[in-house]
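Reading the structure
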Amino acid sequence: MKFINPTGLYDPRPNGYSHVVIAEAPARIIYIAGQGGENAEGELSDDFKTQVEQALSNLQTALTAAGAHHTSVSKVTALIVEHSEARLAIFSSALRAMWGDNPAPACTLIPVPRLALDGMLFEIEATAVLQAEDEIY
């Protein structure tokens, strides 16, 4: 995949994402359903940061099950209940920590009034692309 942050657009890297991701075909495309902050027992913390960290851990578990890695992700969509600059900072920090020095995926953040479960504050879905040479089954 090719990750681009074009001249003329602000630098999104401090927020943990890229403006443009190009994936060449043929490839295996993996769609990961929205992952919330619930643990394996279905329990949700009341803390936004804890939910974000758990959701990203859940995302990694789903990617692994598909034979992919977080560096295979081309696009994420995040949903945040009661969005604020403080919550954006928590989410951006978590994305930067997860991707480290690797190129970050394209990202859309959508503020929402509520999510599927009572107490759910954060959800993230992802699209991953595996080229034949990237497959790790």
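Below: a short report on this structure.

Rules and cut-offs
Residues numbered from 1 in each chain as written. Predicted model: local features only at pLDDT ≥ 70, side-chain atom pairs only at ≥ 80, totals over all residues. Heavy atoms only, no water. Helix = DSSP H or I, 4+ residues; strand = E, 2+ residues; numbered from the N terminus. Salt bridge = Lys/Arg side-chain N within 4 Å of Asp/Glu carboxyl O. Buried < 20%, exposed > 50% of the residue type's maximum accessible area, 1.4 Å probe, protein only. Polar contact = N/O pair within 3.5 Å; in protein donor to acceptor, adjacent residues only side chain to side chain. Contact = heavy atoms within 4.5 Å. Core = buried A, V, L, I, M, F, W, Y, C linked by side-chain atoms within 4.5 Å.

Another point: unusual backbone geometry. The omega torsion across Ala-25 and Pro-26 is 0°, close enough to zero to call that bond cis. Checked against the element boundaries, Pro-26 lands in the loop between strand S2 (20-22) and strand S3 (28-36). The phi angle at Glu-82 is positive, at roughly 55°, despite the residue not being glycine. For Glu-82, the position within the fold is in the loop between strand S4 (73-81) and helix H2 (85-99).

Scanning the entire structure with this criterion turns up 3 salt bridges. Arg-13 serves as the salt-bridge partner of Asp-11, at 2.8 Å between the closest nitrogen and oxygen. In this structure Asp-11 comes out as partly exposed when scored by relative accessible area, which is 37%. Take Arg-13: its relative accessible area is 55%, and that puts it in the exposed class. The closest approach of N and O atoms between Arg-114 and Asp-118, which form a salt bridge, is 3.0 Å. Residue Asp-118 is classed as exposed on the basis of its relative accessible area of 63%.

Turning our attention to the environment of Ala-40. In this fold, Ala-40 is placed in the loop between S3 and helix H1 (48-65). For Ala-40, a relative accessible area of 79% puts it in the exposed group. For Ala-40 and Leu-88, which are 48 residues apart along the polypeptide, the C-alpha to C-alpha distance reads 25 Å.

With that settled, consider the side chain of Ser-92. Residue placement: Ser-92 occurs in helix H2. Residue class for Ser-92 comes out buried when judged on its relative accessible area of 4%. Of the polar contacts made by the side chain of Ser-92, one reaches the backbone oxygen of Asn-15; its length is 3.4 Å. Contact partners of Ser-92, with chain neighbours within four places excluded, come to Pro-14, Asn-15 and Gly-16.

The subject of this paragraph is the nonpolar core. Grouped together as the largest cluster of nonpolar side chains are 31 residues, with contacts concentrated most on Leu-56, Leu-59, Phe-91, Phe-122 and Ile-124. Of all the elements in the fold, those that place two or more residues in this core are S3, H1, S4, H2, strand S5 (106-112) and strand S6 (122-130). Residue contributions to this core peak at 6 residues, all from H1. Excluding anything up to four places from it in sequence, Phe-91 contacts Val-52, Ala-78, Ile-80, Cys-107, Leu-109, Phe-122 and Ile-124.

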